[in-house]
Every structure is written in structure tokens, then in C-alpha cells.
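Structural characterization, general
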Amino acid sequence: MDKIHGHDSSSSSSSDSDNDKPSSPSTIKSSGNLLFGRQKPVHKVLGGGKPADVFLWRNKKISGSVLVGATAIWVLFELLEYHLLALVCHCLILSLAILFVWANAITFINKSAPRIPDLRLPEDPLLQFTATLRIEVNCVLSVLRDIASGRDLKKFLAVIAGLWVLSIVGSWCNFMTLFYKVFVLLHTVPVLYEKYEDQVDSFTEKVIHEAKKQYVVFDSKVLSKIPRGPLKGKKIS
């Protein structure tokens, strides 16, 4: 029994000592040192699964093909000024013509008839996408309502600044070009950040610290002197 107790105590003490050992800085980092205080790896932040694999170039052939396809679409619509409706109609005309001629020429060329798949929209993924979109839109509307109520001046200024920057970017290029640039950034920035994560986090931490200092000065000199109306007391649920 003493041996058993001695073994248990030694094993528990060894496990406690293992728990007391500091984690390797290369595996676990403090959330305060991570970009925007995140607690998940970049792959999880991007949603995980195949989309994150594409953005982080886990499979270079697939990621390269997606980027080349997006570039081809952008060149087609933006540089060549091709219209979406005309493109869809021309593709349908070409596809239907090829299938029609093939289906009627099989008696002369002794080939099997083309197998035309029975394409249908699945109900469950469509309903799931609609429900997710509804939740996200409701969250955005709730945030906008809180900002418009005048409860959070800091959030109000941040949203106004973001919309102002977005309007400037929108005046420089149209929606297609803006969407393509965002798509290219999603294929370059995350993988570069994952590669140089330590350097970016260190630099970002210094920038955020300096920005907070400047905000405190701006708040004490400007924002604190702005008269505010009385706020109603919040109900405690």
C-alpha cells in the first residue's frame, strides 16, 4: 500500500510539475500579443476547412487555380468590358449548340449519347445559407441601432471613420475592381502574416499601444469637453 501511495504521490507530483512548466512560446502565445487580441490560429480565424486552406495556400495548385480564375473574370469584365448577361447567354448558346449537335450526330459517328446531369439546387444548404445571412444582417442592424442611439462615442467614431475610408476607396474604383482587390488580399495577406506572425504581432502591439496613448490625449483635450445629454438608465435583466 505504501508503495502504491508513494507511486501515486510521485505521479501526481510529476504531473503537477509538468503543469507548472511554462508553455513553449512557439506553440502558445499570450492573447494580448496576438493581432487584435485573437486566441485562435489564423486557420481557425478564417473559418477553417477548405476556404481557409485555399487562402493559406495549403494546396498550391487549388489556390493558384482559384486566383487565376478570379483574375480571368476580372480581366474579362473590367478590362475587356464584357457584360455578365452577355457572357451567360453566349456560354449557354455554345453549350446547348454543342450538346444538340452531338445528340443528333451520334447515329453517324457511332458514339454514345452525351450524359447530361440532372442539376437541382439542394434545399438544406440553401436554407442554411439564408438563415446564416439573416443572422448576420440582424447583427449588423443591431450594431447600427446601438451606434445611432448615441451610447458609445468611441464605436460611433470608429464606424464613421471606417465608412469614410470605404467611400474614398469606392470612389477610386468600381465594385468589381474593389471585390477583386479584396480577393487578392485574402490570398496574400493571411499567408504572409502566418509566415511572419511574430514580427507582425510585435510591431502591431507597439502601434496599438501608441494609438491608445494618443486617444487618451485626444479624449482629455477634445472628447471630454463635448457636452452630452443625460443618458437613460439601462434596465437590468
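Residues numbered from 1 in each chain as written. Predicted model: local features only at pLDDT ≥ 70, side-chain atom pairs only at ≥ 80, totals over all residues. Heavy atoms only, no water.

A few points about the nonpolar core
Residues L67, A70, W74, Y180 and F183 constitute the largest nonpolar core, which totals 5 residues. If you list the elements that add at least two residues to this core, you get α4 (60-79) and α8 (175-195). For this core, the element with the most residues is α4, which contributes 3 residues. Excluding its chain neighbours within four sequence positions, the residues that come into contact with A70 are Y180 and F183. (Core = buried A, V, L, I, M, F, W, Y, C linked by side-chain atoms within 4.5 Å. Buried < 20%, exposed > 50% of the residue type's maximum accessible area, 1.4 Å probe, protein only. Helix = DSSP H or I, 4+ residues; strand = E, 2+ residues; numbered from the N terminus. Contact = heavy atoms within 4.5 Å.)

Re the confidence of the model for the protein chain
Model confidence for the protein chain is summarised by a mean pLDDT of 77, while 79% of its residues fall at 70 or above. Confidence scores differ between elements of the protein chain, with helix α1 (residues 2-20) showing the lowest mean pLDDT of 45 and α4 the highest of 90. Counting contacts from residues 1-28, a segment whose pLDDT is below 50, to residues more than four positions away or on other chains yields 1 contact. Here residues 232-237 is modelled with pLDDT under 50, and outside its nearest four sequence neighbours on either side it reaches 0 contacts, counting other chains as well. (pLDDT = per-residue confidence, 0-100.)

Overview of the pattern of salt bridges
One pass over the full model with this rule turns up 2 salt bridges. For the salt bridge of E194 with R58, the shortest nitrogen-to-oxygen distance reads 3.0 Å. One end of the pair, E194, is in helix α8; the other, R58, is in the loop between α3 (49-55) and α4, with 136 residues separating them in the sequence. Given the relative accessible area of 45%, R58 is considered partly exposed. (Salt bridge = Lys/Arg side-chain N within 4 Å of Asp/Glu carboxyl O.)

Details of unusual backbone geometry
Of note, W57 is a non-glycine position whose phi angle comes to about 55°, a positive value. With relative accessibility at 26%, the residue W57 sits in the partly exposed group. Within the chain, E81 stands out as a residue other than glycine whose phi angle is a positive 55°. Here E81 shows up in the loop between α4 and α5 (84-109).

Let's talk about the state of the cysteines
Taken as a whole and judged by the stated rule, the model has 0 disulfides. Cysteine C91 is unpaired, with the sulfur of C89 as its nearest cysteine sulfur at 9.4 Å. Residue C91 is classed as partly exposed on the basis of its relative accessible area, which comes to 41%. (Disulfide = S-S within 2.5 Å.)

Things to note about the packing of α8 against helix α9 (residues 197-221)
Where α8 meets α9, the axes come as close as 5 Å, and the angle between the chain directions of the two elements is 95°. Judged on the interaxial angle alone, α9 and α8 are roughly perpendicular. Residue-level contacts link Y193, E194 and K195 of α8 to E197, V200 and D201 of α9. Classifying every residue of the contact of α8 with α9 by side-chain character gives 2 nonpolar, no polar and 4 charged. (Axes fitted to C-alpha atoms, helices over the stretch in contact; angles between N-to-C directions. Parallel < 35°, antiparallel > 145°, perpendicular 65-115°, else oblique. Nonpolar A, V, L, I, M, F, W, Y, C, P; charged D, E, K, R; others polar.)

Here's the deal with the UniProt feature "transmembrane region" (unreviewed entry) in the protein chain
UniProt's feature table lists "transmembrane region" (unreviewed entry) at residues 62-80, 87-106 and 156-180, given in the numbering used throughout. Here residues 62-80 is 95% helix and 0% strand, with 26 Å between the C-alpha atoms at its ends. (UniProt positions renumbered as here; feature names shortened; annotations may be inferred.)

Quick look at the packing of aromatic side chains
One pass over the full model with this rule turns up 2 aromatic pairs. Note on W74 and Y180: the rings are 4.9 Å apart at their centroids and 10° apart in plane angle, and the pair reads as stacked. Of the two residues, W74 sits in helix α4 while Y180 sits in helix α8, which places them 106 residues apart along the sequence. For W74, a relative accessible area of 19% corresponds to the buried category. For Y180, a relative accessible area of 16% corresponds to the buried category. (Phe/Tyr/Trp six-rings, centres within 6.5 Å; stacked < 30°, edge-to-face > 60°.)

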